[in-house]
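Coordinate analysis (summary)
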There are 2 protein chains.
Amino acid sequence: MKINICQLNYKTADCSYNANKIQEILDKSNDDVLNVFGELALSGSPLYSRNLYKDLYIETSKLGDALCNSRKSFIVGTPARGDENFCYNSLVFVDKGEVKALATKRNLGRFDKNFTQGNGIEVLTYNGSKIALGFLEDIENFIRRKIKVELVILCTNRLFDKDDKEEFIDSLALCARQLDSKILLVNRVGAEGSYVFSGTSLIMNEKGEVCKRLSMFDTEEAFVETDNLVIERHNPLCYEEKIYKASVLALKDYFNKNNIKKAVIGLSGGIDSAVVVVLGVAALGKENVTGILMPSEYSSEHSVSDAEKSAKNLGIEYHTIPIKDMFAASLKTMQPLFLGLQPNTAEENLQARARLMIVMAYGNKFGAAMLNTSNKSESAVGYGTLYGDDSGAISAIGDLYKTDVYRLARWINRNEEIIPMNSIDKAPSAELRYNQKDSDTLPEYDELDKILIDYIDNNKSRSELIALGYDEKTIDRVLHLFRINEWKRHQEAPAVRLSRTCFTTDFFNPIS
Amino acid sequence: MKINICQLNYKTADCSYNANKIQEILDKSNDDVLNVFGELALSGSPLYSRNLYKDLYIETSKLGDALCNSRKSFIVGTPARGDENFCYNSLVFVDKGEVKALATKRNLGRFDKNFTQGNGIEVLTYNGSKIALGFLEDIENFIRRKIKVELVILCTNRLFDKDDKEEFIDSLALCARQLDSKILLVNRVGAEGSYVFSGTSLIMNEKGEVCKRLSMFDTEEAFVETDNLVIERHNPLCYEEKIYKASVLALKDYFNKNNIKKAVIGLSGGIDSAVVVVLGVAALGKENVTGILMPSEYSSEHSVSDAEKSAKNLGIEYHTIPIKDMFAASLKTMQPLFLGLQPNTAEENLQARARLMIVMAYGNKFGAAMLNTSNKSESAVGYGTLYGDDSGAISAIGDLYKTDVYRLARWINRNEEIIPMNSIDKAPSAELRYNQKDSDTLPEYDELDKILIDYIDNNKSRSELIALGYDEKTIDRVLHLFRINEWKRHQEAPAVRLSRTCFTTDFFNPIS
């Protein structure tokens, strides 16, 4: 059996775009090749609201008919309507232009909220061979049915997870051995809002050995002959490279799919903005990223020089816009109410919000979207200004703890100094008052991140954290800060989801 | 059987608080009374993250033991642990201080993400009578088992929905007749973040006739003798009163449960802020709400006088803080970049964001949380400034379309002019440029809201909207605005959820 594995990057609800991509591939395909496109390839995904499904159903039906006119063989994912009130997440099997079978998803997942439960994996015949067709999520049910087929074709929209040890490949290999069947898995790549899909489409033999594996982040086609599979070696990407590529892809897709060309970013000279601007330039090109330096009376000399260096290293346009006048005007404006009162976070936040006003004004005037520069550690403990540095169209490192940001920065600098070394080496500071350091308010990031990872990612309770040997007072301080800052996390810029505990997509706490 | 229906307002994850409330009731209870508390009464709900459950399990076990010491009879909801990795959403039945039975939830719902599926409704004996105990969501499974009992006790955490026609009572009545059994339903009241729980605990006889019905929004205890049930008449609240009470309760709980005493709100003289400040005062008292008037050169005379009138009618503290200096400073600051360019939304947003800075500075200095004043119509079409008037700790009317805001305003004014009539009668305007009207940019709200309701709440697709007779160009304009503003809705203040299509909790669209 000749198969073309099509790992594409679809656009949500832009069916014509998706259909064109599919048509191009069918046009150049031989008649004896089965082209396999992924889950909801025609409609894009995630779709969320149900009224959108109904419009899409009409559109995808028409486009699906047009694809059939090519008389080629293919499998494509699309919403398919049962009757007026039901819509299935479906895979259509087309044999030389004729619709021969439909598989509908049974185990519905996080993006399937408005789909109706379907029948699961279907068995069909193609070129005299028995094939099973369905969704990855339905494989367990199929195994129980003990049907012998030559090949199982599974489609999925699997999300990227930086901590993923690819156990799903081991699970699939076990399935292949249990079924004594080859397995083809087709996943999409690309991003939709916060969500990054993780590619890694692959085919394995009956022993569960991977014989072809596609990239994690690139669109790719791969031609395989199922009678002639050869085991393939794989060089995995390192942790930092995965994070880097996932973030860059997410930014690229966010801007491209929303038809925004330009990005604007506040450069403080600190590590966070220095890393985000690198990711932004990698995604959009240096000509499309503008840096704004916004020093205040509390800015140290190095913050300006480090930020300038960061911009110059990347060759981007940058502007220095001091916040002095705006800060002074805001103090003057508040004076009738603040007279005689001690300065506190009110004055600190005024500076962060003045900076937000400047960056957003630039963005509104020149059609640029603001890149947020917050990290997950700050977000967890509320160390940032809501409607200030917590803001932005998309947060590239919002799902990375501060220690991971350092790790990524060093990896970016592995060959040359792209990020100023001083931004990496100096003590982190918000510079909203004289000589302020993050460590005045927070535990050192090494310690903070360990507690946060155990609490958030390893799901340890307070008592378990104590048993792990962390200082009880520090635990309580961190958990208290975590707890009282949920209301801020709810309004932060959507983070590129790099883990299962991303705050803006997966990990929520009570607000009250 | 003597039953005390306990409809309380629990605090999420504040187990001691909840246990004290329960203990107080048990202390004054007679020995022959069964006190029924609701779902997750001990722990509060929704809990969200799993590590929280583990800590709570330890705490609720201890507190549960203490409650048993009273030697009274009661039913209480709590997380109960199976083994290290399982936790059930459970109801514990205690007979004169002894744990006699446990019912675990089978059909898990939106707030049960981290609970393990349990067994559903259990049958037990109390004082010689056969009782079924479990969760409302599990009633269908129980009916199929055809077990005859005298009374079915169902607990639930049911959410408020302004459009709810109380079909659940008809469904329950049908269950009562099918089972030939009395049914007791216990729901909680109160709010957690955006979520408002809808009370309406009730008991019905075997014919499905309601014999006692508790309030929608108030904590209440009701004593009933199941052998002596008498049909009760019910006077339903009108639509506006339900909305009003739900919003006031949500604000009250948001502030109380987060230990925030004071609220601050920008008063523009428009209908939205005029309604929200009334709700704020009803929730927190006039001494705890401060209004800030922030006129600009584009403000009409009536905006200041209407806003003042609104504050004076309510007797709240208010301050007039012109944005002139801050706006001028921000224009001067941006001048090197904006020189020679036409004014556009950049300059308009600078004004909205200067106002945000002022309100938040007041809040930061005096420990007040900002009340957001956006409505659902604006949110749907992105008519508002992100990090400006879209901001705030909680949005009281964020799930109300503009036409509902008018309806609520007129209801508030039914006896006297609390909201200045001019705020209700004048044409809505953002006043960010000379003579601006909302209708310059948007369809009239009457028309806009009809389209939005059909699209969002009635789930009509574009083609169905056309068939309903709306102007095609207007539909496409509205749907386009709706589509491109998802990124803003993601960062808006959390709205008090009054419907099944609240943007910040239920109704999401693709960002790209």
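Look up a bit, the structure's there.
In this report, we go over the structure that sits alongside the text. (Residues numbered from 1 in each chain as written. Chains lettered and ligands numbered in written order. Predicted model: local features only at pLDDT ≥ 70, side-chain atom pairs only at ≥ 80, totals over all residues. Heavy atoms only, no water.)

**Regarding the packing of helix α5 (residues 239-257) of chain B against helix α6 (residues 271-284) of chain B**
Residues and elements named next belong to chain B. Taken N-terminus to C-terminus, the directions of α5 and α6 make an angle of 60°; their axes are 8 Å apart at the nearest point. The angle between α5 and α6 places the two elements in the oblique class. Crossing geometry of α5 relative to α6 is assigned as right-handed. Counting all contacts with α5, which are made through Tyr-244, Ser-247, Val-248, Leu-251, Lys-252 and Phe-255, the residues of α6 involved are Val-278, Leu-279, Gly-280, Ala-282, Ala-283 and Leu-284. (Axes fitted to C-alpha atoms, helices over the stretch in contact; angles between N-to-C directions. Helix = DSSP H or I, 4+ residues; strand = E, 2+ residues; numbered from the N terminus. Parallel < 35°, antiparallel > 145°, perpendicular 65-115°, else oblique. Left-handed = near helix turned anticlockwise from the far one by under 90°. Contact = heavy atoms within 4.5 Å.)

**What to know about the pairing of strand β15 (residues 262-266) of chain B**
Residue and element names in this part refer to chain B. In this sheet, strand β18 (residues 368-372) lies alongside β15 in parallel orientation, the contact comprising three bridges. Looking at β18, one finds that Val-264 is bridged to Met-370. Where β15 lies against strand β16 (residues 289-293), four bridges are found, and the strand directions are parallel. Counted as the bridge partner of Gly-266 is Ile-292 from β16. Read from β15 through α6 to β16, the crossover connection turns out right-handed. (Pairing = 2+ DSSP bridges. Right-handed = clockwise from strand over helix to strand, strands pointing away.)

**Remarks on the interface of chain A and chain B**
Listed per partner, the contact involves 76 residues of chain A and 77 residues of chain B. Area buried by chain A at its contact with chain B is led by Met-357, Lys-365 and Ser-512 of chain A, which between them contribute 11% of it. Linking chain A with chain B are four salt bridges. The shortest N-O distance in the salt bridge between Lys-332 of chain B and Asp-325 of chain A comes to 3.0 Å. Linking chain A to chain B there are 26 residue pairs in polar contact (both at pLDDT 80 or more). For the side of chain A that touches chain B, the secondary structure elements donating two or more residues are α2 (50-68), α5 (239-257), α8 (324-338), α9 (345-366), α14 (445-457) and α15 (462-467) of chain A. In terms of residue class, the side of chain A that touches chain B is built from 37 nonpolar, 22 polar and 17 charged. (Buried area = accessible area lost by both parts, 1.4 Å probe. Salt bridge = Lys/Arg side-chain N within 4 Å of Asp/Glu carboxyl O. Polar contact = N/O pair within 3.5 Å; in protein donor to acceptor, adjacent residues only side chain to side chain. Nonpolar A, V, L, I, M, F, W, Y, C, P; charged D, E, K, R; others polar.)

**A short note on the side chain of Gln-436 of chain A**
All names here are of chain A. Looking at the element boundaries, Gln-436 is found in the loop between α12 (421-425) and α13 (438-441). Taking the relative accessible area as the measure of exposure, Gln-436 reaches 5% and is therefore buried. Polar contacts involving the side chain of Gln-436 include one to the main-chain amide nitrogen of Glu-431, which spans 3.5 Å. With sequence-adjacent residues up to four places away left out, Gln-436 is seen in contact with Glu-348, Tyr-383, Ser-429, Ala-430 and Glu-431. (Buried < 20%, exposed > 50% of the residue type's maximum accessible area, 1.4 Å probe, protein only.)

**Re the sheet that holds strand β12 (residues 202-204) of chain A**
Residue and element names in this part refer to chain A. Strands sit in the order β6-β7-β8-β9-β12-β13 across an open sheet of six strands; the sheet is mixed. Either end of the sheet is taken by a strand with one partner, and the two such strands are β6 (122-126) and β13 (210-213). In this sheet, neighbouring strand axes are inclined to one another by 20° on average, regardless of whether the strands run parallel or antiparallel. Here three bridges tie strand β9 (residues 182-187) to β12, and the two strands are oriented antiparallel to one another. Its bridge partner lying in β12, Ile-183 is registered against Met-204. Lying on the sheet, helix α4 (residues 167-179) is in contact with β8 (151-156), β9, β12 and β13; it crosses β12 at an angle near 40°.

**Remarks on the relation of the copies chain A and chain B**
Of the transformation superimposing chain A on chain B, the axial component is 0.0 Å and the angular component is 180°, with the fit at an RMSD of 0.0 Å. What we have between these two chains is a two-fold relation. Looking at the rotation axis and the C-alpha trace of chain A, the residue lying nearest is Gln-491 of chain A, at 2.2 Å. Comparing contact sets, 100% of the residues at the interface of chain A also lie at the interface in chain B, consistent with an isologous, same-surface contact. (Least-squares fit on C-alpha atoms with pLDDT ≥ 70 in both.)

**Comments concerning the pairing of strand β7 (residues 129-135) of chain A**
All names here are of chain A. By the criterion of burial, β7 is predominantly enclosed, with six of the seven residues buried. Across five bridges, β6 lies against β7 in antiparallel orientation. Its bridge partner lying in β7, Leu-124 is registered against Ile-131. Here β7 runs beside β8; their pairing, made up of five bridges, is parallel.

**Section: the sheet that holds strand β2 (residues 33-36) of chain B**
All names here are of chain B. An order of β5-β4-β3-β2-β1-β14 is seen for the six strands of this open sheet, with the pairing classed as mixed. In this open sheet, the two strands that pair with only one neighbour each are β5 (98-104) and β14 (220-225). Strand-to-strand, the axes of this sheet are offset by a mean angle of 25°, without reference to chain direction. In terms of strand pairing, strand β4 (residues 87-95) meets β5 through six bridges, oriented antiparallel.

**Quick word on the nonpolar core**
One finds Ile-358 of chain A together with Ile-358 of chain B to be the most contacted residues of the largest nonpolar core, which totals 52 residues. Elements supplying a minimum of two residues to this core: α8, α9 and β18 (368-372) of chain A together with α8 (324-338), α9 (345-366) and β18 of chain B. When sequence neighbours within four positions are dropped, the list of residues in contact with Ile-358 of chain B reads Thr-333 and Met-334 of chain A together with Ile-292, Met-294, Ile-321, Ile-323 and Met-326 of chain B. (Core = buried A, V, L, I, M, F, W, Y, C linked by side-chain atoms within 4.5 Å.)

**Concerning the packing of aromatic side chains**
Taken as a whole, this structure holds 26 aromatic pairs over all chains when the rule is applied. An angle of 85° between the planes, with centres 5.8 Å apart, marks the rings of Phe-93 of chain A and Tyr-126 of chain A as edge-to-face. Of this pair, Phe-93 of chain A sits in strand β4 (residues 87-95) while Tyr-126 of chain A sits in strand β6, placing them 33 residues apart in sequence. Assessed through its relative accessible area of 0%, Tyr-126 of chain A is described here as buried. For the pair Phe-111 of chain B and Tyr-195 of chain B, a centre-to-centre distance of 4.8 Å together with 85° between the ring planes defines the contact as edge-to-face. Of this pair, Phe-111 of chain B sits in the loop between β5 and β6 (122-126) while Tyr-195 of chain B is found in strand β11 (residues 195-198), placing the two residues 84 residues apart along the sequence. (Phe/Tyr/Trp six-rings, centres within 6.5 Å; stacked < 30°, edge-to-face > 60°.)

**Quick look at the pattern of salt bridges**
For the structure shown, the criterion picks out 60 salt bridges over all chains. Notably, a salt bridge pairs Lys-100 of chain A with Asp-95 of chain A, separated by 3.9 Å at the nearest N-O pair. The class of Asp-95 of chain A is buried, set by a relative accessible area of 12%. The salt bridge partner of Glu-137 of chain B is Lys-105 of chain B, with a shortest N-O separation of 4.0 Å.

**Here we look at unusual backbone geometry**
Of note, the bond from Ser-45 of chain A into Pro-46 of chain A is cis; its omega dihedral lies within 30 degrees of zero at 0°. Mapped onto the fold, Pro-46 of chain A is located in the loop between β2 (33-36) and α2. Even without being glycine, Asn-127 of chain B reaches a positive phi, approximately 50°. With respect to the secondary-structure elements, Asn-127 of chain B resides in the loop between β6 and β7 (129-135). When its relative accessible area of 48% is taken as the criterion, Asn-127 of chain B is described as partly exposed.

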